[in-house]
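Architecture and fold: a report
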Amino acid sequence: MSQSSPSLAYPRELTIAVWGACLLPGLLILLGVDLGTHGVDSPSAKGLADVPGQLHRQLAGSFMHTVLEWSAVGAAVVTGVGTLVHYLVRRNPVITVIGLSLLAAGLMDGYHVLVANRLVASHSGDPDFIPFTGFISRIFCAVAFILGSWLLVTRGGRGRETRAQIVATAAVIMMAAVSLSIAFASTTPFMPVTVFPDAVVPRPYELIPLALFLLAGAFSLRMLNNYHPSIFTQAVLVSIVPHAMTQLYMGLGSTEPFDGWYNAAHVVKVVAYLVPVSGLLVDYVRMHREEVETLSGLRETERALQRSRAMYRTMVRNLPNSIVLLFDREMRSLLAEGAALQWLGLTPGDFEGEVLTDVLGDDILPTVGPAFHKALDGETSGFIYQGE
């Protein structure tokens, strides 16, 4: 189990902003601000000439719902694509699998929008079909979090092949789950009544995904963050707050489509999908800073090495009657300096990258070879060589 370092923490300022965005709509409603989009038509002297304007005013609530839902879907798609790019760079299956879970949840929300705009033929005449698909999409999102976390915690991610298999398995499972969920919602004869306007809890079915989101936040995602800590996993954990608030606003407040609590819930739902996007962006910024710091450190190390090498060359160059040779185990010269090189008619440039025997000649190998090998082994030795 890993421990999260400060550099992997989701910014506290963003966490506070998320809480504020979740509480503000509800607070405004409690203070008497009407956030509903009721589509009330206003009298017009233009009569039939103003039919398009009247239709737009009547459909204002539907337009608002569509805009908010597609905003959430867009955020989910951005997260999914962003995590796939992240995987290509860092080969981290954790971020990618959770991103695929969000992408799958976004696809289910997209299906719900199509249903809400009467673009799906099945059950189109049933007034309970639209809230039922909304309920299914919320169930799917919570279950996707739990399933993705379970897959990562149980399967791990050792080895590049295993990581690729985990991502592929998650993609297949999520897409199959989307297909089966859409097929079930479109063909099931079971279409429950989900809205009870006069009840204390107007939308009791919304409390089921609420319980699942709380379960995901308290156990699944928290366990995942403990095993695989990152800014993104912490952001997903923080996103449980707006997900839960969405269900509370819908379940306990909304009595009809497009009322204040309904719109507040969908605004907060957009926030819930944007939080992982923010975590992904913050993680990209962190990676960029780390790469900049690493490159800066490498440049400084290289400059220090060059200074050290220049100082060493200056020192050995001025040793009287001496030659200093630095070479590897293949007898390839790394450094050659010393005033005595001129006795052999050689310069330091003659040795650079060359094998010593190629520079000095094969006739010297029987004499200097054993001494050089002993030097590589850390032993002190000497030899006498008399040139021509």
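Placed above this text is the structure.
This text gives an overview of the structure that appears in the document. (Residues numbered from 1 in each chain as written. Predicted model: local features only at pLDDT ≥ 70, side-chain atom pairs only at ≥ 80, totals over all residues. Heavy atoms only, no water.)

Some thoughts on the packing of helix 1 (residues 12-30) against helix 8 (residues 231-253)
At a minimum axis separation of 9 Å, helix 1 and helix 8 run at an interaxial angle of 5 degrees. Considering the angle they form, helix 1 stands roughly parallel to helix 8. Taken together, the residues of helix 8 that come into contact with helix 1 (itself represented by Thr15, Val18, Trp19, Cys22, Leu23, Pro25 and Gly26) are Val238, Val241, Pro242, Met245 and Tyr249. Counted by class, the contact of helix 1 with helix 8 contains 10 nonpolar, 2 polar and no charged residues. (Axes fitted to C-alpha atoms, helices over the stretch in contact; angles between N-to-C directions. Helix = DSSP H or I, 4+ residues; strand = E, 2+ residues; numbered from the N terminus. Parallel < 35°, antiparallel > 145°, perpendicular 65-115°, else oblique. Contact = heavy atoms within 4.5 Å. Nonpolar A, V, L, I, M, F, W, Y, C, P; charged D, E, K, R; others polar.)

Focus: the packing of helix 3 (residues 60-90) against helix 4 (residues 93-116)
Where helix 3 meets helix 4, the closest approach of the two axes is 8 Å, and the angle between their N-to-C directions is 155 degrees. The angle between the axes of helix 3 and helix 4 places the two elements in the roughly antiparallel class. Crossing angle aside, the handedness with which helix 3 passes helix 4 is left-handed. Grouping the amino acids of the contact of helix 3 with helix 4 by side-chain chemistry returns 14 nonpolar, 11 polar and 2 charged. (Left-handed = near helix turned anticlockwise from the far one by under 90°.)

Some details on the environment of Leu326
Following the sequence through the fold, Leu326 ends up in strand 1 (residues 324-327). For Leu326 and Glu337, which are 11 residues apart along the polypeptide, the C-alpha to C-alpha distance reads 9.0 Å. Excluding residues within four positions of it along the chain, Leu326 makes contact with Arg332, Ser333, Leu334 and Leu335.

Structural notes on the packing of aromatic side chains
Pairs of aromatic rings are described using the distance from one ring centre to the other and the angle between the two planes. In total, this model carries 6 aromatic pairs according to the counting rule given. Here the aromatic rings of Phe132 and Phe135 are separated by 6.4 Å at their centres, their planes lie at 40 degrees, and the arrangement is tilted. In this pair, Phe132 and Phe135 are both assigned in helix 5 (residues 129-155), 3 residues apart and thus about one turn of the helix distant. Across the pair, Phe135 and Phe132 agree in class, each one buried. Relative to Trp261, the ring of Tyr249 has its centre 5.3 Å away and its plane inclined at 50 degrees; by these criteria the two rings are tilted. Within this pair, whereas Tyr249 is found in helix 8, its partner Trp261 is found in helix 9 (residues 260-317), the two being separated by 12 residues in sequence. Taking relative accessible area as the criterion, Trp261 reaches 21% and is therefore assigned partly exposed. Taken together, Phe132, Phe135, Phe184 and Tyr205 form an aromatic cluster joined through their ring pairs. (Phe/Tyr/Trp six-rings, centres within 6.5 Å; stacked < 30°, edge-to-face > 60°. Buried < 20%, exposed > 50% of the residue type's maximum accessible area, 1.4 Å probe, protein only.)

Looking at a nonpolar patch on the surface
The grouping of Val77, Val81, Val85, Leu88 and Val89 at the surface amounts to a nonpolar patch, some 420 Å² of accessible area in total. Looking at where Val85 falls in the secondary structure, it is placed in helix 3. (Patch = residues over 30% accessible without salt bridge, like charges linked within 9 Å, V, L, I, M, F, W, Y side chains within 5 Å. Areas by Shrake-Rupley, 256 points an atom, 1.4 Å probe, with all protein chains shown as cover. Salt bridge = Lys/Arg side-chain N within 4 Å of Asp/Glu carboxyl O.)

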